[in-house]
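# A closer look at the structure
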Amino acid sequence: MKTKPDPSSDKTVYLVNLGCPKNQVDGEVMLGLLAQQGYTVSLDPEQAAVLMVNTCSFINEAKEESIETILDLARYKAWDTHKQLIVTGCLAQRYGQELREMLPEVDVFVGTGEFVRITEIVEQKRRLLDGPLTYIGASHVLPDHTVPRIPTTHFYSAYLKVAEGCNHKCAFCIIPKIRGRQESRPIASLVAEAESLVAQGVKEINLIAQDLTAYGRERKDGTTLLGLLKALSTIDGLAWIRLLYCYPNYLDEPLLRFIAEEEKVCPYIDMPLQHISDRMLRRMRREKSGEGIRRLLDRIRIALPGVVLRSSFIVGFPGEQEDDFQQLCNFVTEAGIDNVGVFRYSQEEETTAGTMSDQVCEEVKEDRWHRLMERQAHVARKKNLARVGREQAVLVGGQDDQGRWWGRTQGQAPDIDGVVLP
């Protein structure tokens, strides 16, 4: 007869991180806090006493993935009732109260403003015998450099969350209602954390926020992204600094000039544009026109010759007509953006777009997604062919399953832009 392990006094934790890198950093902080209190990280859910899912709820696909992962881990708890199943992140913040009834398998739901209390919450739940608990407080919390963190990325690359929350009111986005208004960390705190990461072997730091280019503006003390980049660039041993999630509005000339002049800052800009049709941009509540976007791209390329651009677009937004979509297709071809992600619009409750009457059917969304991705495939092939014969610095990442070494150039962000193979 197989004996079930009794981990009731065992301090082991298994974590699944879902969603964006910003959420991943939150998960790393939770692991660091638990480790500080004697917990060890397990890579096997069967052996862990605490099972955690750090969830995402940005679009329907993300919510479905989160629920599937929770139910998958619930199987381990069904076999061993001594285990705890804890759900954290955006899904818990957004739907925690409703999920208590839908998912009785879960012991605790921890919102985005409470995750720094994770050790206290885990220990409290161990002492209680009642049903699921919900900890939903403020929309977000912003830990500083003194809070422990266990990176889950490759040892040579790390994300640095510089701010939390967002002040924009895009019609399709639920993030401001989940994460709240923007709050930026002080430059000194970020430099201290970056120095600690570099001391652990990190060579590449990827700056992340809901709106990176708005970093520091709400502080009203002169803090800016340019100031942060200048401070980070002085760190010995740090090779690359990458900018992710740049909102189009604040890419000004001094910032672009510094990126061009400072060799540590990758000539790489991730800038979600969402659409090019003026009509759709207005409906989306974006703050740029199609012509404004084109002028911005021209300014960037003049200031940063050879810059690598990444962007994302939404197809099937409410009211999108074939003419709007054709404008987007033509723009993707003419703009020659290096890396493009395309999202099928997801109708979300509590958003302006979610209440619009002229929703686009799923079949049309799917068709437009394939057509736009095909356009971008031609652009990407042309871009890659133009790189043949050129020498570029590569950050070596390791070997793949076939024993081939792989790496990334300054124009390839981790996990999203592909790799270089010999």
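Attention here is on the structure that accompanies the text. On a predicted model such as this, the values are computed, not experimentally measured, just so you know.

Turning next to the sheet that holds strand β7 (residues 157-161). Across the sheet, which stays open at both edges, the 6 strands sit in the order β7-β10-β11-β12-β13-β14 with parallel pairing between neighbours. Looking at which strands have only one partner, the edges of the open sheet turn out to be β7 and β14 (339-344). Direction aside, neighbouring strands of the sheet carry axes that sit 20° apart on average. Sheet analysis places strand β13 (residues 308-315) next to β14, joined by 6 bridges and oriented parallel. By the bridge assignment for β14, Phe313 is matched with Val342. In the packing of helix α1 (residues 21-36) onto the sheet, contacts are made with β7 and β10 (204-208), and the angle to β7 comes to roughly 95°. Across the sheet, helix α6 (residues 187-199) touches β7 and β10, and the angle it forms with β7 is around 165°.

Bringing the pattern of salt bridges into the picture now. Throughout the structure, instances matching the rule amount to 32 salt bridges. Across the salt bridge formed by Glu334 and Arg294, the nearest N and O atoms sit 2.9 Å from each other. With Glu334 in helix α11 (residues 322-335) and Arg294 in helix α10 (residues 290-303), this pair connects stretches of sequence that are 40 residues apart. Put simply, Arg371 and Asp367 hold a salt bridge, and the shortest N to O gap is 2.8 Å. With Arg371 and Asp367 both in helix α12 (residues 362-386) and 4 residues apart, the pair spans about one turn of that helix. By relative accessible area, which is 38% here, Asp367 ends up partly exposed.

The rules behind these values
Residues numbered from 1 in each chain as written. Predicted model: local features only at pLDDT ≥ 70, side-chain atom pairs only at ≥ 80, totals over all residues. Heavy atoms only, no water. Pairing = 2+ DSSP bridges. Helix = DSSP H or I, 4+ residues; strand = E, 2+ residues; numbered from the N terminus. Axes fitted to C-alpha atoms, helices over the stretch in contact; angles between N-to-C directions. Contact = heavy atoms within 4.5 Å. Salt bridge = Lys/Arg side-chain N within 4 Å of Asp/Glu carboxyl O. Buried < 20%, exposed > 50% of the residue type's maximum accessible area, 1.4 Å probe, protein only.

Keep in mind these values describe shape, not function.
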